[in-house]
Structures are given as structure tokens and as C-alpha cells.
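Each chain, letter by letter, is given below.
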Amino acid sequence: MADSARINVYVQPRASKTVVAGMHDGCVKIRLAAPPVDGAANAALVEFVAEQVSVAKSRVRITAGLTSRRKTVEVDGVTSEELAGALSLS
């Protein structure tokens with residue numbers, strides 16, 4: 001098992017529901033129901049990824065792009081393949 005896996009995501013806040021919406025310019029596109037206010041979208045992204053990968057929220061963190069739509073998300077305790085599979089990339 002790898003120490004951690006990273007994935008690049010493109011976030012669309014204020015969507016009707018939170019879902020993986022395919023690819024966008026080489027990144028996984030995730031639509032978030034949360035607004036981009038006071039870190040709500042970032043918190044929703046961490047919660048959604050943790051839920052999809054079946055890990056605790058504390059094992060998911062945004063390592064780049066906190067104020068951008070393009071973000072790098074790192075998940076501890078999973079392989080790149082597991083992360084990609086959980087977000088329907090494989």
C-alpha cells in the first residue's frame with residue numbers, strides 16, 4: 001500500500017448536486033453543491049473524496065489550489081489505482 005496518492009481535480013461549485021462529472025482539461029471534474037464561500041467548497045470536496053474512497057476525512061487534504069478551481073488532492077493510505085477507481089477514472 002502506498003503512503004499517499006494524488007489526483008488533480010477541477011471543481012465546479014454551486015452545482016445542483018455533488019458528483020464526479022468526467023474529465024476537464026486533464027483533471028477529474030467534480031461538481032460540488034457547496035458554494036465557494038468561507039472554505040465550504042473545499043470542505044465539501046474533502047468530504048466527497050473521503051466518502052468515495054472510503055477513508056476518514058482526516059486522510060484527505062488539498063495540497064494545492066485552495067482558492068482556485070484547479071486543485072491537487074492527496075489521500076493517505078490508498079494507491080493511485082484505488083483513488084482513480086473510486087473516482088471512476090479507470
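Values in this document were obtained by computation on a predicted structure and should not be read as measured data.

### Observations concerning the overall build of the protein chain
The helix and strand tally for the protein chain stands at 2 helices and 5 strands. Secondary structure of the protein chain in N-to-C order comes out as β-β-β-α-β-β-α. Over its C-alpha trace the protein chain gives a radius of gyration of 12 Å, about what one expects of a compact globule, namely 12 Å for 90 residues. C-alpha atoms of the protein chain, sized along the principal axes, occupy 35 × 25 × 20 Å. Residue burial in the protein chain is summarised as follows: out of 90 residues, 41% are buried. A separation of at least 24 residues holds for 42% of the contacts in the protein chain among residues at least 6 apart in sequence. With an accessible surface of roughly 5,000 Å², the protein chain has 46% of that area assigned to carbon and sulfur atoms. Computing the positive centroid from 11 side-chain charges and the negative centroid from 9, the protein chain places the two 10 Å apart.

### Looking at the confidence of the model for the protein chain
The predicted coordinates should not be examined in detail at positions where pLDDT is low. Overall, the prediction assigns the protein chain a mean pLDDT of 92, with 96% of residues at 70 or greater. Ranking the elements of the protein chain by mean pLDDT puts helix α2 (residues 80-86) last, at 90, and strand β4 (residues 60-64) first, at 97.

### Details of the layout of surface pockets
Put simply, the largest pocket is a space of about 180 Å³. Lining of the largest pocket is provided by 13 residues; of these, P36, L66, T67, S68 and K71 occupy positions nearest its centre. Broken down by element, the lining of the largest pocket gets its largest block of residues, 3 residues, from helix α1 (residues 40-53). Among the residues making up the lining of the largest pocket, the classes are represented as 7 nonpolar, 4 polar and 2 charged.

Conventions we followed
- Residues numbered from 1 in each chain as written.
- Predicted model: local features only at pLDDT ≥ 70, side-chain atom pairs only at ≥ 80, totals over all residues.
- Heavy atoms only, no water.
- Helix = DSSP H or I, 4+ residues; strand = E, 2+ residues; numbered from the N terminus.
- Rg over C-alpha atoms; globule rule 2.2 N^0.38 Å.
- Buried < 20%, exposed > 50% of the residue type's maximum accessible area, 1.4 Å probe, protein only.
- Contact = heavy atoms within 4.5 Å.
- Areas by Shrake-Rupley, 256 points an atom, 1.4 Å probe, with all protein chains shown as cover.
- Lys, Arg positive; Asp, Glu negative; His and termini not counted.
- Charge placed at Lys NZ, Arg CZ, Asp CG, Glu CD.
- pLDDT = per-residue confidence, 0-100.
- 1 Å grid on protein atoms, 1.4 Å probe; cavity = no way out; pocket = protein on both sides within 12 Å on 5 of 7 lines; lining within 4 Å.
- Points joined across faces, edges and corners; volume = space filled by probe spheres on them.
- Nonpolar A, V, L, I, M, F, W, Y, C, P; charged D, E, K, R; others polar.

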